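Here is how the chains run, residue by residue.
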Amino acid sequence: QAGPSPIPRLSRNAAIQRLLSTLAVLEQREGKLNMSSLAAVSAAQKLGGTIHGFVAGSNVKAVAEEAAKVEGLEKVIYVDNGAYDKGLPENYAPLLIENIKKGGYTHVFAGHSAFGKNLMPRVAALMDVQQISDITAIEGEDTFVRPIYAGNAILTVQSSDNPKIVTVRGTAFASGAAEGGSASVEEGVDPKAECPTEWVSEDLQKSDRPDLATAERVVSGGRGLKSKEEFDRLMPPLADALNAAIGASRAAVDSGFADNSLQVGQTGKNVAPQLYLCAGISGAIQHLAGMKDSKVIACINKDGDAPIFQVADVGLVGDLFEKVPELTEKLKSA
Ligand code: FAD
C-alpha cells in the first residue's frame, strides 16, 4: 500500500470518495514507462478514490511492475500484446473500453499528449459520452477546469456522464513520486479487436537532451533565427550551456528550422519549465498558450514592442545574432 499522498485531495464527503475509481492510462515506448504520462495518476490523486493504472504493448509486464512503484496506484492492469505498441486508437479504444467496463470505473484519465488526444475522443464516442479535454484543475468529481481559445478564456465544465473520459494537461498536474508505491499487478482483458489501420513507419528525432515536455529549462527559437543553419548554429550551444531542451515557434517549424516535435504552443507542446528562454519569437497568443505557465520567462528580441515582453520576467532588446553567442559564452564561463 502506498504511503500518504503528497497531493492534497479535494475535501469532500468520505462516502462519495469511496465511490470514485479512476483508471489512469499510462504510456510506454519500447518497454519504458513514459514518466510524463504519470500526470494522469497525479490528477486522479487530486480527485481521490481508488486509482488503477493501465498499460498495454509487447512485454509490458516489466513496465507494469515499474508502474506499480508509482505512489498512489493500488493496482496496475496490463495487456501484453504487440498490437498495442503504437497506441493506434482503432484497436486501443476497444481494448480500453473492455477494461473500463470490467473495472466499472467512474473516471478514466490520460495525458493530453499525442497518444491521449488520439485515443480518448474515440473511447468517449464509442461509450456515447462527452470527452473532457485538456483539464488544468479539478473542482469536484463532476467539475473540471480547462482553457479554451488558446488559453484566453477558462471554462468550467460539469459533466453527468459516466464514466468521465478526461485528458489532463501534464504541466498542470506535476507527476508524483515514481517510487514508494506497491500496487498489485494484474493481467487485463484483451478483446483483440481488428485494426483497420496499419503502422507503417516513424521518423523520430533522437536527442540526448532533456525531454521538451518535462525539462526544467527550455531554450526556444523563432522566425527571427532566419534559417535552419542559424538555428542549428546558435540554439544547441545555448541549450548545452543551460542543460536545456530545445523548443521552437510554429513559424520556425513551418520554415523548416526545427523539427515538428519541438513546436511549443497551442498546436504544439505545453511546457512549464523553471526557465523558458526564447530568442526571435514575437509572442503570438498561440505560442504563449504553450509556455506562459513557465516559472521564469526570458526573451531576446530586437523589437522592444514585441508582445513577448508583456509576459517576460526578463527581457533583452537586441540582435539575437549578437546576444545569443554572447550569453552562451557567459554561461559557459560562469
Ligand atoms: P514572428 O511572429 O515572425 O516573430 C519573429 C520575431 O523575431 C519578431 O518579434 C522579430 O522582432 C524578432 N526578430 C527578428 N530578427 C531578430 C533578430 N535579429 N534579433 C532578435 N529578434 C529578432 N505558433 C506557435 O509558436 N505555436 C503554436 O502551437 C501555434 N499554433 C497556432 C495555431 C493556430 C490555429 C494559428 C492560427 C496559429 C498558430 N501559431 C502557433 C502561429 C502564431 O500565430 C505565430 O504565427 C507564430 O507563433 C510566430 O512565430 P515567431 O514568433 O517565431 O515569428
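Basis of the calculations
- Throughout, a residue's number is its position along its own chain's written sequence, starting from 1.
- Note on the predicted model: pLDDT of at least 70 is required for a residue's local features to be given, and 80 or more for side-chain atom pairs to be given and counted; whole-chain, interface and lining totals, by contrast, use all residues.
- Working from all heavy atoms in the structure, the side-chain values ignore hydrogens and water.
- Helix and strand definitions here come from DSSP, where helices need a minimum of 4 consecutive H or I residues and strands a minimum of 2 consecutive E residues; each element is numbered from the N-terminal end.
- Each radius of gyration is computed over the set of C-alpha atoms, and the globule rule expresses the reference value as 2.2 Å times the number of residues to the power 0.38.
- Think of it in three bands: with a 1.4 Å probe and only protein chains considered, a residue is buried below 20% of the maximum accessible area for its type, exposed above 50%, and partly exposed in between.
- A 1.4 Å probe and the Shrake-Rupley method give the accessible areas. Residues count as covered only by the protein chains that appear here.
- Charge convention: Lys and Arg are scored as positive, Asp and Glu as negative, and His as well as the terminal groups of each chain are ignored.
- A single reference atom marks each charge: NZ on Lys, CZ on Arg, CG on Asp, CD on Glu.
- The span one expects for a helix is its residue count, reduced by one, times 1.5 Å.
- In what follows, residue pairs with any heavy atoms lying within 4.5 Å of each other are defined as contacts.
- Throughout this description, a polar contact denotes any pair of N or O atoms lying within 3.5 Å of each other; where both atoms belong to protein, one of them has to be capable of donating a hydrogen while the other can accept it, and for residues adjacent in sequence the pair is counted only when both atoms sit in side chains.
- Note on aromatic pairs: the rings of Phe, Tyr and Trp (six-membered ring only in Trp) are paired at centre separations within 6.5 Å, and the planes decide the class, stacked below 30 degrees, edge-to-face beyond 60, tilted for the rest.
- Each residue carries a pLDDT score, the predictor's confidence in it, ranging from 0 to 100.
- One heavy atom within 4 Å of a molecule or strand is enough for the residue carrying it to be called near that molecule or strand.
- Basically, the charged four are Asp, Glu, Lys and Arg, the nonpolar ten are Ala, Val, Leu, Ile, Met, Phe, Trp, Tyr, Cys and Pro, and anything else, Gly included, counts as polar.
- Only strands joined by at least two bridges in the DSSP assignment are considered to pair.
- All axes are obtained by fitting lines to C-alpha atoms, using only the stretch in contact for helices, and the reported angles, taken between N-to-C directions, cover 0 to 180 degrees.

Draft legend 1. Expanded view of the overall build of the chain. Helix and strand content of the chain: 10 helices and 17 strands. Compactness check: the chain gives a C-alpha radius of gyration of 21 Å against a globular reference of 20 Å for 334 residues, within 12% of the reference. Structurally, the chain occupies a C-alpha span of about 60 × 45 × 35 Å along its principal axes. Across the 334 residues in the chain, those meeting the buried criterion constitute 49%. By element, 48% of the accessible surface of the chain is carried by carbon and sulfur atoms, the whole surface being about 15900 Å². Put simply, the chain has 33 plus and 41 minus side-chain charges, and the middle of one group is 3 Å from the middle of the other.

Draft legend 2. Structural detail: helix H10 (residues 320-333). The terminal C-alpha atoms of H10 lie 19 Å apart, and with 14 residues this matches the ideal 20 Å at 1.5 Å per residue to within 8%. Packed against the buried residues of H10 are helix H6 (228-242), strand S15 (275-279), strand S16 (296-301) and strand S17 (314-317). Where H10 begins, the side chain of aspartate 319 points an oxygen toward the backbone nitrogen of phenylalanine 321, at a separation of 3.0 Å.

Draft legend 3. Main features of the packing of aromatic side chains. Using the criterion set out here, one finds three aromatic pairs in the structure. On the basis of an interplanar angle of 80° and a centroid distance of 6.2 Å, the ring pair of phenylalanine 54 and tyrosine 92 is categorised as edge-to-face. One end of the pair, phenylalanine 54, is in strand S4 (residues 50-57); the other, tyrosine 92, is in helix H4 (residues 89-103), and 38 residues separate them in sequence. As far as burial versus exposure is concerned, phenylalanine 54 and tyrosine 92 are alike and both buried. Among the aromatic residues, those joined into a cluster by ring pairs are Phe54, Tyr84, Tyr92 and Phe115.

Draft legend 4. Just the confidence of the model for the chain, in detail. Averaged over the chain, the pLDDT score is 93; the fraction of residues at 70 or greater is 96%. This model gives residues 1-5 a pLDDT under 50, and the stretch forms 12 contacts once residues within four places in sequence are excluded. Across the assembled chains, the prediction reports ipTM 0.99 with pTM 0.85.

Draft legend 5. The site of the ligand, seen in detail. Taken together, the neighbourhood of the ligand is formed by 26 residues, with Arg223, Ser249, Thr267, Ser282 and Gln286 sitting nearest. Here a nitrogen atom of the ligand and a backbone polar atom of lysine 302 are 3.1 Å apart. Taking 990 Å² as the accessible area of the ligand by itself, protein coverage stands at 77%. Mapped by element, the contributors of at least two residues to the shell around the ligand are helix H7 (250-254), helix H8 (285-291) and H10. Along the lines of polarity and charge, the residues of the shell around the ligand split into six nonpolar, 14 polar and six charged.

Draft legend 6. Structural detail: the sheet that holds S15. Spatial strand order, S14-S13-S15-S16-S17: five strands in an open sheet with parallel pairing. Both outer strands of the open sheet, strand S14 (245-248) and S17, are each paired with one neighbouring strand and no more. If you compare each strand with its neighbour and ignore which way they point, the axes differ by 15° on average. Summarising the sheet, strand S13 (residues 217-221) and S14 pair through four bridges and their orientation is parallel. Residue pairing across strands places glycine 221 opposite alanine 248, the latter belonging to S14. Lying over the sheet, H6 contacts S13, S14 and S15, oriented at roughly 170° with respect to S13. Helix-sheet contacts for H10 involve S15, S16 and S17, and the interaxial angle to S16 is about 135°.

Draft legend 7. Examining the pairing of strand S6 (residues 107-111) more closely. Counting buried residues in S6 gives five out of five residues, a clear majority hidden from the surface. Where strand S1 (residues 21-25) lies against S6, three bridges are found, and the strand directions are parallel. From the neighbouring strand, alanine 24 faces S6, where its bridge partner is phenylalanine 109. Alignment of S6 against strand S11 (residues 164-168), held across five bridges, turns out to be parallel. The partner of histidine 107 across the bridge, within S11, is lysine 164.

Draft legend 8. Molecular detail of the sheet that holds strand S10 (residues 153-158). An order of S8-S9-S10 is seen for the three strands of this open sheet, with the pairing classed as antiparallel. The outermost strands of the open sheet, each flanked by one partner alone, are strand S8 (137-140) and S10. Averaged over all pairs of adjacent strands, the angle between strand axes in this sheet comes to 30°, irrespective of strand direction. Relative to strand S9 (residues 143-148), S8 runs antiparallel, the two being bridged by three bridges. Paired with glycine 140 across the strands is threonine 143, a residue of S9.

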